[in-house]
Amino acid sequence: MNAPPSPPPPIREPDPSALTCPGDQIGGCANCQRKTHKYGSGGVPLCRWCMAAVQERWGPTVRQISTRR
């Protein structure tokens, strides 16, 4: 049996992805506003903890899709 996931750190602590990208590519998580890596101009990704919750509900193949034309 898998151990329960550890709780996320406080919102003021960035997602680890934000620590490895240039400063102009850091933005807020679309759900909790934690600093995370934006994937492209105008991207509004989820931090790893918010994405884990979405994947738990919708499955591991869920991806963020742009609705822009």
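Residues numbered from 1 in each chain as written. Predicted model: local features only at pLDDT ≥ 70, side-chain atom pairs only at ≥ 80, totals over all residues. Heavy atoms only, no water.

Brief notes about unusual backbone geometry
In the Ramachandran plot, Q33 falls in the positive-phi region, its phi being about 70 degrees despite a non-glycine side chain. Tracing the chain through its elements places Q33 in the loop between β1 (26-28) and β2 (35-37). (Helix = DSSP H or I, 4+ residues; strand = E, 2+ residues; numbered from the N terminus.)

What about the pattern of salt bridges?
All told, the structure shown has one salt bridge when counted by the stated rule. Residue D15 is joined to R48 by a salt bridge in which the shortest nitrogen-to-oxygen separation is 3.4 Å. Placement of the pair is D15 in the segment before β1 and R48 in helix α1 (residues 48-58), with a sequence separation of 33 residues. Given a relative accessible area of 48%, R48 falls into the partly exposed group. (Salt bridge = Lys/Arg side-chain N within 4 Å of Asp/Glu carboxyl O. Buried < 20%, exposed > 50% of the residue type's maximum accessible area, 1.4 Å probe, protein only.)

Observations regarding the environment of P7
Checked against the element boundaries, P7 lands in the segment before β1. A relative accessible area of 67% places P7 in the exposed class. Spatially, the C-alpha atoms of P7 and W49 are 8.6 Å apart, while their sequence positions differ by 42 residues.

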